[in-house]
There are 2 protein chains.
Amino acid sequence: MNNAGLEFQDLTRLVMPQSIVLVGASDKPNSIGARTLENLTTYSDWGGQLTLVHPTRREIAGRACHASVRDLDQAPDVAIVAVPADAAVETLRDCGARGVRFAIVFTSGFGEMGEAGHAAEAQMREIVARTGMRIYGPNCPGLNNINGKLGMSFSPAYRFDRMPGPIGVATQGGGLGRAFMQSAMARGVGTGLWCSGGNEVDLEVSDYIHCMADAPDIRVIYTVLEGVRNGPRFMAAAMHAARRGKPIVAIKVGKSDYGVKAAASHTAAITGSAEINAAVYRELGIVEVDDIDEAVDAATLLARGQPTGREKIAVYCFSGGTGALTSDRIGVAGLTMSELAPATVAELKRWLPPYVPVGNPVDVTAEVLVRSDITSGTLKATADDPNTDLVVLPIPVDYGQATTLMAQSAVEVQAGVQTPIVPIWISDRIGEGHGIMVQGGLAPMRSVRNAVTAIRRFTEHGRWRSTLDPAWRPLGAARAAQETTTFTEAAAKRVLQQAGVGTPQGIVARTAEDAAHAWRRLGAGKVAMKVVSSRITHKTDVGGVRLGIASEAEARAAFDGICARVCDAHHPSVIEGVLVEAMLDEPFVEAVVGIHRDAVFGHVCTFGLGGVGVELFKDVSRRLLPLTPASARAMVQETRCHALLAGHRGQAGYDIDALVQALVRLSDFVAKNAGVVEELEINPLAVRPRGQGVAALDAVLTCNAKETLTW
Amino acid sequence: MNNAGLEFQDLTRLVMPQSIVLVGASDKPNSIGARTLENLTTYSDWGGQLTLVHPTRREIAGRACHASVRDLDQAPDVAIVAVPADAAVETLRDCGARGVRFAIVFTSGFGEMGEAGHAAEAQMREIVARTGMRIYGPNCPGLNNINGKLGMSFSPAYRFDRMPGPIGVATQGGGLGRAFMQSAMARGVGTGLWCSGGNEVDLEVSDYIHCMADAPDIRVIYTVLEGVRNGPRFMAAAMHAARRGKPIVAIKVGKSDYGVKAAASHTAAITGSAEINAAVYRELGIVEVDDIDEAVDAATLLARGQPTGREKIAVYCFSGGTGALTSDRIGVAGLTMSELAPATVAELKRWLPPYVPVGNPVDVTAEVLVRSDITSGTLKATADDPNTDLVVLPIPVDYGQATTLMAQSAVEVQAGVQTPIVPIWISDRIGEGHGIMVQGGLAPMRSVRNAVTAIRRFTEHGRWRSTLDPAWRPLGAARAAQETTTFTEAAAKRVLQQAGVGTPQGIVARTAEDAAHAWRRLGAGKVAMKVVSSRITHKTDVGGVRLGIASEAEARAAFDGICARVCDAHHPSVIEGVLVEAMLDEPFVEAVVGIHRDAVFGHVCTFGLGGVGVELFKDVSRRLLPLTPASARAMVQETRCHALLAGHRGQAGYDIDALVQALVRLSDFVAKNAGVVEELEINPLAVRPRGQGVAALDAVLTCNAKETLTW
C-alpha cells in the first residue's frame, strides 16, 4: 500500500494530557461549560494542570480565568473548545497559534448544517495544515478516558458511566457509543476509553482505532461504521489492530436505502456498497454485528479470552426445553457441541440421581437446581471437561432464591476454571442472580440467539486469526481516473495473455478472405466470430457475434453478415475488424471474474460462477487486492457453486488450480497497474476439466486514458 | 380432511372446573402436595369445591381428607394427581371409575424414563378409552388459569407469575412456557391461560390451542413446537385459531441435528423435517420465531392490534445514529417507512428549532429531549400522521430523568392515539422510564433487531390474513403404505395424461422395428429413447437412454444398443420395452415438481426450477395439498428462479399459467388418491414459452401396492 497519508500520530497526549485549557468555561447550571468543568474536576481524578478561558469572567468556580488562549503562559496539550459556533474558528486559530497540540471541539453547527458549516470546517482543516494542531470534532460529545479517570466531556451522563475496563470505543456520533458503553457496563464490562469524534474534520475513527490498538489496557475495540471517509487509513488501522491481536467489533449502518439516506444526513459521510463493505470487513477480521446488543455480546466475550476457531461447546441447563433449544441453535449456527469425556460423565453421574440421563446438553433438571452443592459439582465437572472449550448456561426464568444460588455457584466455579462459562439470562425479569453474575464477571447474555451468535462470531474470529498473514497489506485506493478508455475484446485478450491468463487462439480478420484464412489457421474446427470495435460494448445486441462457424465459406459469409448487421446501427468506420477465435471443446464451467476499483477501499476482486448463480443468487465472493494463492483459493471455495467445480453429483471436477492461478495473475497484473486499471471483467472465464486450464472467452478492460500499462 | 380423530372436546370444565379433588394433598413444607394446596387456596381466588384425598391422613391444613377417590360423594370435574409414580395408574383407574372428567397428572417417571414408563402410559390411554376421562399429563407442571384466578400447579413460581392478560400459552414442557410468561409479564403483558401437558398421553398442545381459539379473553396463542404427534389435529387446531382471528406464535425446536436429538430425548416426540415444518407453519399462518424474546416481541405486538400487511412505519428518535440504525434495519427487513404528510411536517416544524431538519426518521435531537412539552408535541404529531401505521421509538441509553419524562410522554401520547407506539429499550441498564412504559402498556422491546423482526412478522401475518381462504382444509395424513410399487416412466406418464398434465408424444417399442416405426409415427423428427422397466430407476446410469435420434436406422440401432447395455447389468427379462418419445423444441425451462406424503402433515407439494437452483441453492417452495390456483401461483412466484420464468434479462417469458394449471391438476389427482399415492416426482417438467404449455419429460410415481388409482 502507498504509505502517503497513512501515518498515525501518537495520541497519548490527547487521551491523557498533562495540561488542559477549557475555553468556554462556565458556572451557569446545566450549561455545557459548567458540566464540562464539573466532569473534569468533580468526576475525574486527574493530576494535570487545568486552565480556564472566558472572554469576560476572571474567575469561575473558584478558578482563575484567562480572557484568551493567546494569554496562556504555556501551550497546553489539549484545548477543550466549548464556545458558540460563530467563535469556534477564531478560538481554534488562537489555539493553533499558541501551540496547542490537540483541540477537542464540542461546538456544533458546522458540516451537519450544510454549506456555511462546510466552509467553517475547511477553515479548521486549514488551521490543522498550517499549525500542526490536531482537531477532534467539531460537533462531538467529548473524549472519555475512563481507565485514566479523565472525562473531557460535557455529557451529564458521564458521571454514571465510569466503569473502567478492557474495551475501547471509537465512534463518530454519541448515541451508539454511549448505548454500547452503558449496556456493557450494566453487564459488568467497562469501557476504558471512548473517543467520539463528531464531524471528523481532522482526526477520525481510524486514528482512535490505531491508538487503542497500541493501548495496553484495551483488549477489544468497538466501532460504528456509518461511513468510512478514508478507506486506506481505515484498513491500515484495522490491520494494525489485527497484528496487535485486538479484535474490532463493528456495527455497520447503511445496508439499505433508508439507512444510507439516514446515515448520510446524520454524518455526511459516504456509506459505500453494503456488499463491498461486508466483504472488506470480513477480510480485515472485523467482527461485523447487526445491533448494539450483539456488539456488547461479541465484545464482552472477546474480552474474556482469545478464540482458537476450534471451540467445542457444552450446554448446562436445568430445563429440558431450554437445553434442547440452545443445542438446536448451536447446530443451526454450525457450531460444535463437545462430546463429554468418560471421566466427566462419571463425575456427573456421581452427583446426579440415577434417573437423570447424562449427556450434552447436561440437563440436571429443575429438581436438582435447588441443591446448590449439586449445581456446583455438576457445573464444575462440565467446565472441567477436557473436550469442552466453552460452557453455555441458559437460564430460562428467574426462580428467585434457587436462581440466586445457581448464580453464586456459577461465579464460584468460574473462579476455578479457565473455560469460559457464558450464562444467558433469558427472562425480562432481572432478578438477584443476574446481578451476582454481572458482579462475578460472567457478563450474562440476553437470549439464546444472542449467545449463540456471539459464540459463532467468537469462533469465526479465531479461525480468521489462525489464517492471518501479518505481512499482507491491502493495495489501497489510487485516485479514480478523470477520463477512461475501454479496450476492444481483442486488445483486452492480448493484455490477459501478457498477464499469463489463457484465452482461446484468435486472429483479427480485416476482410472476408482474412476470415476464411484465419479459420484454416485455427485448425479448421469450429470458430466464433465477433466484431472488434472500441465503440461497441454489447456485441450480441448489434448482431456482431456468430458462433459455430465450421467452414471457409461460413467464415466468409459470417464476416460479411457481421459487417452488414453492425452497419445497420453504426457507421462502417467503427468496425476495426472481426475476431476469429477457436471455440473451446465442452465440457467447461463458466465463471465470472471482475476486478473493480471501489471508491473507498480500492481494488476488489469478485468471483462467481456464471448465469443463474451470480445473477439470481448473488453467489459471489470478494477479496481486496492483492490476492494470494491461499486467499484466491478461499474465494473459490466459499461460493456455493464451488460444488459444481469440485465435481458435483459424481461428475469429474474442473481445473480449480488453474483458476486459482489465473486469479492470482490477474491480481498481480492489476496491482502493478493500480493507477491504470479501473475495471477488468472476464465473463465468462471457461474453467475446463482438471488439468486443462482456464480460458477467458470474453473480457472488458477499462483503463485510465492518461496512463499506460506496465508489465 | 378426513374428520376421524379431529374432534376437539370442550375443555371449559378442565380450565375452570366447578369442583377439584387433589389426590396426594400434603402439608409437608415444599412438598408437591403442599405447594399445590397452597396454590389452589392462598394464591387462587376460585369459588368451586375443593376436596382432598390422602391414603392415611384424615385432615390436612384444616381440611377434611378422603382415603380414596372412590369414596367421594360426587364426581369432581378435575382430579389433580400428585401421587408417587407407582400409585399413579391405580389412582387414575379410581378417577375414571368415579366419573372424573379430567385428570391433571403431575407425577413424573413415565414415558420420559423409557420402556417401563411407556407401558404405564399405555395403561393410562386405556383408562381414557374405557372411561372417557381425559388425561392432562403425566409429568406436567400443571394448568394455570390466570384470568380465572385458579392455579392448578405445584410450582413455587406460580405465585409470582399471576398477571392476567390476553395471551394463551400452550406447551408440553414447563421451562419454555414459563420463560415466555415471565418475560411477557415483565413487559406488562399477562398470560391468561397456560396449559402445559407434559408427556401428553391423551390431551395435547392441539387441544389447548383449539380451546384458546374459542376463549374470548385470549387474543394471541404462544406455543413451542418440539414435536407434533398428530399432524392433522395440529393443523385443524391451527386453522380453527386462524378462522377465529387468533394468531399463533411458535418456537420450533429441532432445526438441527443437535436440536432433534435433544428434543427427542426431552419430549419423546418426532420433530420432523425442519424445511417441511417451516413451510407448513407458514401456510397455516403460524408466526414462527427463533427464540423466547422474539416470541414475546411478536405475541405482545399482535396482542396490541390486528395487522393489515400494509403497515408504514415512522421512526421517532433523539439520537441520529440510533435513528439511522433503526431506519437501516427497517429497510433491510423489507419494511416500508412512511412519508410524513405535509401537515405532520408543518406541526413538527412548529415544535422544533429551525436548525433541525424534519423527515422520517423524526430526529428531535438530544437537546430537545429534555423539553418534555416538545417530546409530547412531536411524538403526538408523528403518531397522528395519517400516512403512519406504527411508530418505533428507539431509546439507546437511559438518561435518567430525561428518559423518565420521555417515557411519560410516550404513555400519555399513546393514550390518545390508535397508532401503536413501539418503544425499544436498548440499554441493559433498566431505568425508571422502562417501568413507566411497561406500566403504560407500551411493552418495550429489547433491541432494534428484535423490534424490526417483530414488526416484520406482524406485517407478514397481516398479509397472510388478507389471503386466508377460510374454507380451505389441508388434505391431512393418510396412513403410509406397508408395501409400495413404482410405476415405469411410460406408465407414470399415462397417469399424468389422465390427470390432465401434458407429456411428449410417446410410443413403447418392443422391437427395433417397432422403434423405427414409432420414429416415423412421431413425425420423423428428433426423438428420445428410454428403457421401460419397473426394476430400473436410474435409466441413464445403465445406458438406458439415447437422445437426439433422427432416423429410422438410428432408432433401430438405439433400440439394440439400449437392450445390449441394459443387459450388461440386468437379466433381459427386466426390459419391458423402449419408450420412443418426440423431443421438445427449445427453448424451455426445466422445473421440478414433487408431491410426497409427509409422515406428520400429509401430502406436500415441492416446486423449484431444475439443476443448480434446486440442488445448490435449495430454491424451492412448498405447500400442503390441496393447491388452489392462487396458492399454486404463489408457490411459483416465491422462488427466486421465478425471474427466469417471468422473462429474465429481457428474454420472453415462459408459460406460467400452464405451469400453475399443471400444479393444480396434480394436486387434484393426488387429493383424489390420497390413500394411494406415496410420491410423485416430475423432473424435469419442461415449461415452454408463453402459450405453449408444459410437458413432463420424466416422471416417477410410487403408489401403495394394495390400492388402485381412481379418476
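Before going into details, it helps to say that this report is about the structure given with it. (Residues numbered from 1 in each chain as written. Chains lettered and ligands numbered in written order. Predicted model: local features only at pLDDT ≥ 70, side-chain atom pairs only at ≥ 80, totals over all residues. Heavy atoms only, no water.)

1. A few points about the overall build of chain A
Operational definition: Where helices and strands are cited, they refer to DSSP runs of H or I of at least four residues and of E of at least two residues respectively, numbered from the N terminus. Burial classes follow relative accessibility: with a 1.4 Å probe on protein chains only, a residue under 20% of its type's maximum area counts as buried, one over 50% as exposed, and anything between as partly exposed. Every residue pair with non-hydrogen atoms within 4.5 Å of one another is taken to be in contact. Surface accessibility in these figures is a Shrake-Rupley result with a 1.4 Å probe; residues are shielded only by whichever protein chains are displayed. Charge counting treats Lys and Arg as positive and Asp and Glu as negative, with His and both chain ends excluded. For this purpose, a charge sits on NZ of Lys, CZ of Arg, CG of Asp or CD of Glu.
A count of helical and extended segments in chain A gives 24 helices and 30 strands. Seen through its principal axes, chain A has C-alpha atoms that stretch 100 × 80 × 40 Å. By residue count, 60% of the 711 residues in chain A fall in the buried class. Sequence separation of 24 or more characterises 72% of the internal contacts of chain A that already satisfy a separation of 6 or more. Within the structure as shown, chain A displays about 27,000 Å² of accessible surface, and the carbon and sulfur contribution to it stands at 50%. Taking the 69 positively charged and 75 negatively charged side chains of chain A as two groups, their mean positions are separated by 2 Å.

2. Some points on the pattern of salt bridges
Applicable threshold: By salt bridge we mean one thing: a side-chain nitrogen of Lys or Arg within 4 Å of a carboxyl oxygen of Asp or Glu.
Within this structure, the stated rule accounts for 80 salt bridges over all chains. A salt bridge links Glu 294 of chain B to Arg 449 of chain A; the shortest N-O distance between them is 2.7 Å. One end of the pair, Glu 294 of chain B, is in helix α10 (residues 292-304); the other, Arg 449 of chain A, is in helix α17 (residues 448-467), on a second chain. The exposure classification of Glu 294 of chain B matches that of Arg 449 of chain A, with both residues buried. For the salt bridge of Arg 159 of chain B with Glu 38 of chain B, the shortest nitrogen-to-oxygen distance reads 3.3 Å. With Arg 159 of chain B in the loop between β9 (150-153) and β10 (167-171) and Glu 38 of chain B in helix α2 (residues 32-41), this pair connects stretches of sequence that are 121 residues apart. Using a relative accessible area of 22% as the deciding quantity, one classes Arg 159 of chain B as partly exposed. Several salt bridges share partner residues, and in doing so they unite Glu 489, Lys 493, Lys 530, Lys 539, Glu 581 and Asp 698 of chain A into one network.

3. A few points about helix α12 (residues 342-351) of chain B
All names here are of chain B. Note the cut-off: The reported arc concerns the directions from the helix axis to the C-beta atoms and nothing else.
All of the buried residues along α12 are Thr 344, Val 345 and Leu 348. Taken down its axis, α12 places every buried residue within 100° of arc, on the same side. Opposite the buried face of α12, at more than 90 degrees from it, the exposed residues are Pro 342, Ala 343, Lys 349 and Arg 350.

4. Considerations on the sheet that holds strand β13 (residues 248-252) of chain A
The strands that make up a sheet are held in pairs by hydrogen bonds between backbone atoms, and each pair lies either parallel or antiparallel. Residues and elements named next belong to chain A. To keep it simple, the criterion reads: Note on pairing: DSSP must find at least two bridges between two strands before they are called paired. Angles here are taken between N-to-C directions and fall from 0 to 180 degrees, while the axes themselves are lines fitted to C-alpha atoms, restricted in helices to the stretch in contact.
Overall, mixed pairing links the seven strands, which are arranged β9-β8-β11-β10-β12-β13-β14 in an open sheet. Two strands close off the open sheet at either side, each with one partner strand: β9 (150-153) and β14 (287-289). Taken pair by pair, the neighbouring strands of this sheet meet at an average axis angle of 15°, ignoring direction. Sheet topology places strand β10 (residues 167-171) next to strand β12 (residues 220-225); four bridges connect them, and they run parallel. Residue pairing across strands places Val 169 opposite Tyr 222, the latter belonging to β12. Running over the sheet, helix α6 (residues 205-214) touches β10, β11 (191-196), β12 and β13 and is turned about 165° from β10. Sitting on the sheet, helix α10 (residues 292-304) is in contact with β10, β12, β13 and β14, with an inclination near 175° to β13.

5. So, the relation of the copies chain B and chain A
Selection criterion: Least squares is the method for superposing the copies, and the C-alpha atoms it fits come from residues with pLDDT of at least 70 in both.
For the match of chain B to chain A, the screw axis carries a shift of 0.0 Å, the RMSD comes to 0.1 Å, and the turn is 180°. Such a turn and shift between the copies fits a two-fold axis. A share of 100% of interface residues in chain B that are also interface residues in chain A marks the association as one of identical surfaces.

6. Describing the nonpolar core
It is characteristic of soluble globular proteins that their nonpolar side chains tend to be buried jointly. To keep things clear, this is the line we draw: We call a set of buried Ala, Val, Leu, Ile, Met, Phe, Trp, Tyr and Cys residues a nonpolar core when their side-chain atoms join them within 4.5 Å.
Core analysis: the largest hydrophobic core is formed by 100 residues, its most contacted members being Phe 180, Tyr 222 and Val 249 of chain A together with Phe 180, Tyr 222 and Val 249 of chain B. Other than its neighbours up to four places away in sequence, Val 249 of chain A contacts Val 220, Ile 221, Tyr 222, Thr 223, Val 287, Val 289, Ala 295, Ala 298, Ala 299 and Leu 302 of chain A.

7. Some points on the sheet that holds strand β4 (residues 63-66) of chain A
Residue and element names in this part refer to chain A. Read from one edge of the open sheet, seven strands run β3-β4-β2-β1-β5-β6-β7, paired in mixed fashion. Looking at the sheet topology across the chains shown, the edges are occupied by β3 (59-60) and β7 (134-136). As judged from the two bridges shared by β3 and β4, these two strands associate in the antiparallel manner. Within the sheet, the bridge partner assigned to Glu 59 lies in β4 and is Ala 64.

8. Structural notes on the interface of chain B and chain A
Threshold: Values labelled buried area give the accessible surface lost by two parts on being combined, using a 1.4 Å probe and summing over both. Polar contacts, as used here, are pairs of N or O atoms within 3.5 Å; protein pairs need one atom able to donate a hydrogen and one able to accept it. Residues neighboring in sequence count only if both atoms are side-chain atoms. Side-chain classes are defined by residue name, with Ala, Val, Leu, Ile, Met, Phe, Trp, Tyr, Cys and Pro counting as nonpolar, Asp, Glu, Lys and Arg as charged, and the others, Gly among them, as polar.
Taken together, the contacts link 75 residues of chain B with 75 residues of chain A. Considering only the side of chain B, the residues that lose the most area to chain A are Tyr 258, Asp 428 and Phe 617 of chain B, jointly responsible for 12% of the buried surface there. At the junction of chain B and chain A, the tally comes to ten salt bridges. Note that Arg 449 of chain A and Asp 293 of chain B form a salt bridge whose closest N and O atoms lie 2.9 Å from each other. On the surface where chain B and chain A come into contact, there are 43 residue pairs in polar contact (both at pLDDT 80 or more). Element by element, the count of residues in the side of chain B that touches chain A is highest for helix α11 (residues 320-332) of chain B, at eleven residues. Classifying every residue of the side of chain B that touches chain A gives 34 nonpolar, 19 polar and 22 charged.

9. Examining the state of the cysteines
To keep it simple, the criterion reads: By convention in this document, the label disulfide applies to cysteine sulfur atom pairs within 2.5 Å.
Under the criterion given, the structure shown has zero disulfides over all chains. With no disulfide of its own, Cys 703 of chain A lies 16 Å from the sulfur of Cys 605 of chain A, the closest cysteine sulfur. Given a relative accessible area of 1%, Cys 703 of chain A falls into the buried group. Considering cysteine sulfurs only, Cys 641 of chain B is the nearest to Cys 605 of chain B, which forms no disulfide, with 16 Å between them. Relative accessible area serves as the criterion here: at 1%, Cys 605 of chain B is assigned to the buried category.

10. Things to note about helix α19 (residues 512-521) of chain A
Looking at α19 of chain A, one finds that the buried residues are Ala 512, Ala 515, Ala 516, Ala 518 and Trp 519 of chain A. For α19 of chain A, the arc enclosing every buried residue in end-on projection is 160°, short of the 170-degree limit, so these residues lie on one face.

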